[in-house]
Amino acid sequence: MNLVLVAEQTLNGLQLGVMLFLLAAGLTLVFGIMNLVNLAHGALYMVGAYLAAYFYQTTGSFALGVLLGLAGTLVVGIVVELVALRTLYERDHLDQVLATFGLILFFNELIAILWGRSAIYSTLPPYLTGHVELIGSLRYPLYRLVIIGVGLAVAVLLWFVVSRTRLGMLIRAGASNRAMVAALGINIRRLYTIVFGFGAALAGLAGLLAGPIFSVQPGMGELILIQVFVVIVIGGIGSIRGAFAGALIVGMVDTLGRAFLKPALSAIISPAAGDAAGPALASMLIYLLMAAVLAFRPEGLFPSRGS
Amino acid sequence: MVAILLLLAAVPPVAALLHEPFYLDLLRRVMIFAIAAISLNLILGYGGMVSFGHAAYLGIGAYAVGVLSHHGIDNGWLQWGIAIGASALVAAAIGSISVRTSGIYFIMITLAFTQMLYYLGVSIAKYGGDDGMRLNVRSQFSGLIDLNDPAEFYYLVFAILSLFLYLSHRLVNSRFGLVLQATRLNEARTRAIGLSPYPYRLAAFVISGAMCGLAGALLANQTSFLTPEFMNWTRSGELMFMVILGGIATTAGPLLGAAGLLLLEDVLQGWSVLPKWVHEHWQLYLGVILVLVVLYAKRGLAGLLPGNERDD
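Reading guide: rules and limits
Here, residues in each chain are numbered from 1, in the same order as that chain's written sequence. Chain letters and ligand numbers both follow the written order, the letters beginning at A and the numbers at 1. Totals for whole chains, interfaces and linings use every residue, but because this is a predicted model, local features are given only for residues with pLDDT of at least 70 and side-chain atom pairs only at 80 or more, for both listing and counting. Excluding hydrogens and water, the side-chain values take into account all heavy atoms of the structure. Note that patches include only residues with greater than 30% relative accessible area and no salt bridge, and the join distances are 9 Å for like charges and 5 Å for nonpolar side chains (Val, Leu, Ile, Met, Phe, Trp, Tyr). All accessible areas in this document rest on Shrake-Rupley with a 1.4 Å probe, and a residue is counted as covered only by the protein chains that are shown. Salt-bridge detection follows one rule: a side-chain nitrogen of Lys or Arg within 4 Å of a carboxyl oxygen of Asp or Glu. We count a stretch as a helix when DSSP gives it H or I for four or more residues in a row; a strand needs E for two or more, and each element gets its number in order from the N terminus. Expected helix span is computed as 1.5 Å times (number of residues minus one). Axes are fitted to the seven residues ending at a residue and to the seven starting at it; the angle between these axes is taken as the bend at that residue. Exposure classes here rest on a 1.4 Å probe applied to the protein chains alone. A residue is buried below 20% of its type maximum, exposed above 50%, and partly exposed in between. Any two residues whose heavy atoms approach within 4.5 Å are treated as being in contact. In short, buried area is how much 1.4 Å probe accessible area vanishes from two parts on joining, totalled over both. Throughout this description, a polar contact denotes any pair of N or O atoms lying within 3.5 Å of each other; where both atoms belong to protein, one of them has to be capable of donating a hydrogen while the other can accept it, and for residues adjacent in sequence the pair is counted only when both atoms sit in side chains. Here the nonpolar group is Ala, Val, Leu, Ile, Met, Phe, Trp, Tyr, Cys and Pro; Asp, Glu, Lys and Arg are the charged ones; every other residue, Gly included, is treated as polar. The pLDDT value expresses, per residue, how confident the predictor is, ranging between 0 and 100.

### Regarding a nonpolar patch on the surface
Part 1 of the argument: Taken together, the side chains of Val75, Val79, Leu82 and Val83 of chain A make up a nonpolar region of the molecular surface, amounting to roughly 360 Å² of accessible area.
Part 2 of the argument: Tracing the chain through its elements places Leu82 of chain A in helix H3 (residues 62-83).

### A closer look at helix H3 (residues 21-46) of chain B
Residue and element names in this part refer to chain B.
Part 1 of the argument: Between its first and last C-alpha, H3 extends 36 Å over 26 residues, near the 38 Å set by a 1.5 Å rise per residue.
Part 2 of the argument: Bending of H3 peaks at approximately 35 degrees at the position of Leu40.
Part 3 of the argument: Counting buried positions along H3 yields 21 of 26 residues, so the element is predominantly enclosed.

### What to know about the interface of chain A and chain B
Part 1 of the argument: At the interface, 44 residues of chain A touch 39 residues of chain B.
Part 2 of the argument: Summing the contributions of chain A and of chain B, the shared interface buries around 3800 Å²; its carbon and sulfur component is 81%.
Part 3 of the argument: The three residues of chain A that bury the most area against chain B are Leu94, Leu98 and Phe101 of chain A, which together make up 16% of that side's buried surface.
Part 4 of the argument: In this structure, the connection of chain A to chain B is made through 3 residue pairs in polar contact (both at pLDDT 80 or more).
Part 5 of the argument: Only helix H4 (93-115), helix H9 (220-235) and helix H11 (271-296) of chain A provide two or more residues apiece to the side of chain A that touches chain B.
Part 6 of the argument: Across the side of chain A that touches chain B, the residue classes tally to 31 nonpolar, 6 polar and 7 charged.

### Focus on the confidence of the model for chain B
Residues and elements named next belong to chain B.
Part 1 of the argument: When the pLDDT values of chain B are averaged, the result is 86; 95% of them are 70 or greater.
Part 2 of the argument: Confidence, read as mean pLDDT per element, is least for helix H13 (residues 276-280) in chain B (70) and greatest for helix H10 (residues 197-223) (94).
Part 3 of the argument: The ipTM, which scores confidence in the relative placement of chains, is 0.81 for this predicted complex, and the corresponding pTM is 0.86.

This is the structure in structure tokens:
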């Protein structure tokens, strides 16, 4: 276990963390403001990945692919909100869970019809491939650094929008008292649509960034969605600050656990124990962490104010 | 309700007469899932606890049978007893954390813990890991019941289903059940009359998990095969949908819902009357049907039966 490996895995953890944050931010906003449990958030992540890969292939420009993919996911999100989710705001969580579960089946199958069931590989343009020399002998893929940069930039932008602009003020007001906001003459339905589209675009962004490193296939959204739930539960539902902290914690714990738990167990107990328990424990680690956090702080680390 | 059970009881001789053993298999599957749905309805319908992780107990029950069988223990009493006991223990562990929360937290926590067990199943290579494992011998009941005989297995499942329908009906209308429903309807008032919701909810959660564990043991015997997919989160979603489709918090609902969903899947996948594009992408239509049922048919199939109002 050398220092370079630790540094590399820490960066990997950071990269997974910002990816989880992009998804968690949208989900937690939608929940905090509209009180909607949206399981189909993972489907939007998948749609983003597919659209970007498709547009990159047809236009030949990566930047154009990203832009069109982002815009496409935004449109899909707004359509889903207008057609299906609007009627769900007043329903209980059970109905929301089931209806959005139905949407997941629908989207996964739709994608399978359009692009087939097997994974497609989305590539990177030449200027994003290659490695960067960091401190010492650590060489890290450029694209993963770009993901970290984009994720952190979005986090700052999101903080700015929510706490410093008029739209952000409306969002916060809508979260704490929607009847009052409506009474003050704000079109709350339009606000909901904007917020949902916003969240969808963030999920799409995560998806299109993830495309070139993970495989792009139907059902890809659900694998990461459940990790995002863990993030939100740890961070506190409805809180963007919590989503950010939770995402980084989960990203780090998951990545470092997978990398170092097996050798650590082998060294401390025995190689046999490491082989047997290492992978199993590593894949359960974030859920155990969630249980531990809930045992001490049932509302999560950063409970949102108001509720 | 009685009419449905009589109809189910008459299936094996009729199927034998028509030489259609397939329907016996399909209906046995329906009844096993009905048992799981009954257990979920207990906490979801009557207790108001939206468990999105009920497939966990299905998996634990199945793995109890599979793991014991793997080590050469085929005694059904022992296997099924351990299936129920292990499910109850896990339900107690998950419940002790999740039942203290409510609403969205409860949904996400139950989902996350089930996913944890799913990954545990995937990563244990000794018991098949991702690929699952075959059950070489079905559970043995010392010559009393032979599960390899389709009709005998069918009647055993039928008997357990009938018993569970009766038990859940009795439980819901007992003092315990009434307190449980009270915690769903108004927690503050329940507290005000001096009852703490937590032990009642936790007890219901454990009972429900244990019942579902038995369904898992039955399912392992039904398929003679088990994989971590039994615990997949989509399976939990299907169980929830069965409860909703059948009619939440009704006695007959889980049975009707299980029958409705599994027969619908069978029709969408297999009926030669339907064009090929329906078979190939049946999940697309299932998804749309699911959304429509949730949005527009809240009372479920049980609402169609005479005199079967939501009994709370």
